[in-house]
Amino acid sequence: METLIGLNCSAAECTSLSPSAPIWQDVLAQAMTGELIAAMNYTSLSEICADPEEVADALEHAAIERGHAARFAAEGRKIGVDVDNNVEAKHWKRLREAFLRCIAERDFIGCLIVQEIMLESFAVASYARVGKVAPGSLGKTFAAIAAEEEEHVDHAMAILRAERALDAQRFDEKVYGLHLEVMTTLAKMLAKECKDGHCEVCHASCMKPSLFDVSLSAAELRGASLQQYLKTLDMLGIPGEVTLAWVSQLPV
Amino acid sequence: MDVDFALIGHQESWRAAADVLAVLRGRERTPLPDDEIRDILPWIPPRAVCHVEVGSIVSSKSVGAKACGLYIDSFIPPDRLEAAYVHENIARVRAAAACAIKAGAKIVSLGGFSSILIEGNFDQLPERKDKDTVFTTGNTLTVAFIVQGIKKMCEMEGRNLHRSTLLIVGATGDVGSGCARCLAPLVRRVLLSARNVERLRRLAAEFEADGVQVEVATDLLENGGQQFSAEADVVICAASLASPSLLLGRVAPDAIVCDAGYPKNLSPSAQMPGAKIFFGGLGQVTGGLRFTPDFHGILNRHPFPDVVHGCLLEGMALALEGRFEPFSQGRGFITPERVKEMETIAARHGIYLAPLYNSEGQVEHGFHCQKEWPSAGTPPSEAWTGYPPASGVP
């Protein structure tokens, strides 16, 4: 495993960088942006919750996600890079807008589907893959945050399964509607090449072609994310042949 | 919906996998490029792909007019069928089996490598609550169709099976040993080839006790290999050959050769110009077969309508019969009596030996065979030109 700069210095103080540091910088920037979007989503969710316990839960989740973003920023400093974020970047902005539409409709279930089923599947799977190959504390942090994200997916699953039990057809149609919007955007983000131009998060050119240098690939991150998404939908009880067709229709 | 049966399978080529994904993606969308399919497919968890409805030619109170089921794909990537991936593939078959149990399937047939992987290890299948889902390898009906095919080819070629020397490659496997038990009493001499010498000796001893003239070899290429099989004029390849050229020059030049391996890889012109090769173990449904969505010619890629591997047809036949029992399990238990019983059940519901064909097309005449093999985008009405004439139905 390559040695990264592991000093307790600020990014500005570090004078020499590992050749892979710019790649991790972009990986961290995407992760940090995702965590901040999640924090914003949970804060918004708290505003439509009627039950004080749900309000507290949502705010607690928002704080946890902000904590994740801070840990990613700290990992960047350890390897000598500043980790930027851009919640206004085109894909992330579209994902946030999809969530806000659910908020506008005071659609608590829709919010959980977008955040917990779709965005968290992506986060859990991709962080876990990064956690396996990233060196030192960087890898440990990704792996630990993947595990934490997976835990709070469990909490939402119980609510969503109960909702599906009331009217499976209506529930599945709702998931499909959100899938078309959110997963299409995520699929474009996860495509092997960014066909719509710069993602507005990577600090220079697209980092995807460089992922091979750190034993990752865009195809692997996409595959793992879609697999996690399908497994999560299976846990909800949506028929496998239905969800397979949904995923097969996504852009590549 | 009641799930009478589930069929577990996988795609044996990237083209087949591409066609499956093209149907799921919808004809209005651009098909996925090949490199994307190779990237995506290994990540797909085993799951149902489509609903299957099979019709019987009879209907009464005791047997059903139709049975409904699911096709579950284990999504074993076509380039990962080798031994190196065995643990990964067993995990996939287990996950596919779990899907069948979750769907409430009453009987599950294991197709292709699924049965090979689990054949001797049924304990590797997932736990079943109340044991209300049973599993069958489907090998008994596969054996029935191989044996029927050999007899039919002999008849077509004017050969006397009783004067033949039968060579079985992969003789100690479940299908190979089942074929040997059915055909040994009918031929002059039996040659058995397999890798495991102990199993070979045990099988040979079984036949010798019945007065059958039998010889064994662990490797057709070993010293004397050519002499061992040179007289073989009826050959069953029950195991997919590592190299199809293995048989070249090692069997009688005009031998009848049944390619019963998986995937099928024997080609008549290139490898054995004089041999009469056919693909064995295939049956045809005549009571109607429907896939939803429409996977006709995609999941069953044969040049005749409603042709399916015998192993999968066994589950459908048992479902139509209302016999939800693990008819074929383990290795080496297939007897001529069980084969007879299974082919009787299948025939009762209109499931017969498929018209014989090989990689170059039809072997027997009088059947309408499409010129090109089906692919996505070929409407079923154009792909399939109808059932064989009455002579094809026993």
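Residues numbered from 1 in each chain as written. Chains lettered and ligands numbered in written order. Predicted model: local features only at pLDDT ≥ 70, side-chain atom pairs only at ≥ 80, totals over all residues.

A. Expanded view of the overall build of chain B. Helices and strands together make up the secondary structure of chain B, namely twelve helices and 17 strands. For chain B, the residues scored as buried account for 51% of the 394 residues in total. Put simply, of all contacts in chain B between residues at least 6 apart along the chain, 71% involve residues at least 24 apart. (Helix = DSSP H or I, 4+ residues; strand = E, 2+ residues; numbered from the N terminus. Buried ≥ 20, exposed ≤ 12 C-beta atoms within 10 Å, placed from the backbone. Contact = placed C-beta atoms within 7 Å.)

B. Expanded view of the overall build of chain A. A tally of helices and strands in chain A yields eight helices and zero strands. Each helix and strand of chain A, placed in order from N terminus to C terminus, yields the pattern α-α-α-α-α-α-α-α. Relative to the compact-globule value of 18 Å for 252 residues, chain A shows a C-alpha radius of gyration of 18 Å, a close match. Here chain A holds 252 residues, and 43% of them are scored as buried. Of the contacts made within chain A by residues no fewer than 6 positions apart, 74% connect residues no fewer than 24 positions apart. (Rg over C-alpha atoms; globule rule 2.2 N^0.38 Å.)

C. A look at the confidence of the model for chain B. Model confidence for chain B is summarised by a mean pLDDT of 85, while 85% of its residues fall at 70 or above. We note a pTM of 0.88 for the whole complex and an ipTM of 0.88 for its interfaces. (pLDDT = per-residue confidence, 0-100.)

D. Structural view of the interface of chain A and chain B. If you look at the interface, chain A gives 15 residues, while chain B gives 18 residues. Of all the elements in the fold, those that place two or more residues in the side of chain A that touches chain B are helix 7 (218–236) and helix 8 (240–248) of chain A. Among the elements that line the side of chain A that touches chain B, the one with the most residues is helix 7 of chain A, at seven residues.

E. Expanded view of the environment of phenylalanine 327 of chain B. All names here are of chain B. Summarising the element assignment, phenylalanine 327 is placed in the loop between helix 10 (310–321) and helix 11 (336–348). Here the alpha-carbon distance between phenylalanine 327 and methionine 342, two residues 15 residues apart in the chain, equals 8.6 Å. Ignoring anything within four residues of it in the chain, the contact list for phenylalanine 327 reads Thr136, Thr140, Glu314, Leu318 and Met342.

F. Region of interest: the nonpolar core. Residue and element names in this part refer to chain B. Grouped together as the largest cluster of nonpolar side chains are 194 residues, with contacts concentrated most on Ala6, Ile72, Cys179, Leu192 and Val235. Here this core spans two domains, and each of domain 1 (5–140 + 282–383) and domain 2 (142–279) adds at least three residues to it. Among residues more than four places away in sequence, those in contact with leucine 192 are Ile168, Ala171, Ala180, Leu200, Leu203, Ala204, Val214 and Val216. (Core = buried A, V, L, I, M, F, W, Y, C linked by C-beta atoms within 7 Å. Domains from an automatic or database assignment.)

G. View of the packing of helix 3 (residues 90–104) of chain A against helix 4 (residues 108–133) of chain A. Residue and element names in this part refer to chain A. Axis separation between helix 3 and helix 4 bottoms out at 8 Å; the angle between their running directions is 150 degrees. With respect to each other, helix 3 and helix 4 are oriented roughly antiparallel. In this structure, helix 3 uses Leu95, Ala98, Phe99, Cys102 and Ile103 to contact helix 4, whose residues at the interface are Gly110, Cys111, Val114, Gln115 and Leu119. In terms of residue class, the contact of helix 3 with helix 4 is built from eight nonpolar, two polar and no charged. (Axes fitted to C-alpha atoms, helices over the stretch in contact; angles between N-to-C directions. Parallel < 35°, antiparallel > 145°, perpendicular 65-115°, else oblique. Nonpolar A, V, L, I, M, F, W, Y, C, P; charged D, E, K, R; others polar.)

H. Summary view of the sheet that holds strand 7 (residues 189–193) of chain B. Residue and element names in this part refer to chain B. On the basis of which strands lie adjacent, the open sheet formed by six strands has the order 8-7-6-9-10-11 and parallel pairing. Strand pairing shows two members of the sheet lacking a second neighbour, strand 8 (214–217) and strand 11 (276–279), which therefore form its edges. With direction set aside, neighbouring strand axes in the sheet form an average angle of 15 degrees. With four bridges connecting them, strand 9 (residues 234–237) and strand 10 (residues 256–259) associate as parallel partners. Note on strand 10: the bridge partner recorded for cysteine 237 is aspartate 259. Where helix 5 (residues 139–157) meets the sheet, it contacts strand 9, strand 10 and strand 11, and its direction lies at approximately 155 degrees from that of strand 10. Sheet contacts for helix 6 (residues 174–183): strand 6 (165–169), strand 7 and strand 9; angle to strand 6, the most-contacted strand, approximately 165 degrees. (Pairing = 2+ DSSP bridges.)

I. Spotlight on the sheet that holds strand 12 (residues 282–285) of chain B. All names here are of chain B. Strand order in this open sheet of three strands is 14-12-15, and the pairing throughout is antiparallel. Both edges of this open sheet fall to strand 14 (307–309) and strand 15 (351–353), since each of them pairs with a single strand only. Mean inter-strand twist for the sheet, computed between neighbouring axes without regard to direction, equals 40 degrees. Bridge count for strand 12 against strand 15 is three bridges, and the pairing is antiparallel. Of the residues in strand 15, the one forming a bridge with glycine 283 is leucine 353. Each of strand 12, strand 14 and strand 15 is contacted by helix 10, which is oriented at about 100 degrees to strand 14, the strand it contacts most.

J. Seen up close, unusual backbone geometry. The linkage connecting threonine 292 of chain B with the following residue, proline 293 of chain B, adopts the cis geometry, with an omega of -5 degrees. Mapped onto the elements of the fold, proline 293 of chain B is located in the loop between strand 13 (289–292) and strand 14. For serine 215 of chain A, which is not a glycine, the phi torsion comes out positive at approximately 60 degrees. You can see serine 215 of chain A is positioned in the loop between helix 6 (168–190) and helix 7. The partly exposed category is assigned to serine 215 of chain A, around which 13 C-beta atoms lie within 10 Å.

K. Examining the packing of helix 3 of chain A against helix 6 of chain A more closely. Residues and elements named next belong to chain A. Two elements in contact, helix 3 and helix 6, have axes whose closest approach is 10 Å; the angle formed by their N-to-C orientations is 165 degrees. On the basis of their axis angle, the class for helix 3 and helix 6 is roughly antiparallel. For the element pair helix 3 and helix 6, the recorded crossing hand is left-handed. Residues His91, Arg94, Leu95 and Ala98 of helix 3 touch helix 6, and the partners they reach there are Glu181, Val182, Thr185, Lys188 and Met189. Across the contact of helix 3 with helix 6, the residue classes tally to four nonpolar, two polar and three charged. (Left-handed = near helix turned anticlockwise from the far one by under 90°.)

L. Local environment of the pairing of strand 6 of chain B. Residue and element names in this part refer to chain B. By the criterion of burial, strand 6 is predominantly enclosed, with five of the five residues buried. Alternating residues of strand 6 divide into Thr165, Leu167 and Val169 and Leu166 and Ile168, and every residue in both groups is buried. One ladder, built from five bridges, connects strand 6 with strand 7; its direction is parallel. By the bridge assignment, threonine 165 is partnered in strand 7 with arginine 189. Regarding topology, helix 6 serves as the crossover connection from strand 6 to the parallel strand 7, and that connection is right-handed. (Right-handed = clockwise from strand over helix to strand, strands pointing away.)

M. How the structure looks around the domain arrangement of chain B. All names here are of chain B. Taken as a whole, chain B is organised into domain 1 (5–140 + 282–383) and domain 2 (142–279). Between domain 1 and domain 2, the contact holds 28 residues from the first and 25 residues from the second. Of all elements in the fold, only helix 5, strand 12, helix 10, helix 11 and strand 16 (357–358) reach the threshold of two or more residues within the side of domain 1 that touches domain 2. Looking at the side of domain 1 that touches domain 2, the element that brings in the most residues is helix 11, giving four residues. Residues belonging to the side of domain 1 that touches domain 2 are distributed by class as follows: eleven nonpolar, eleven polar and six charged.

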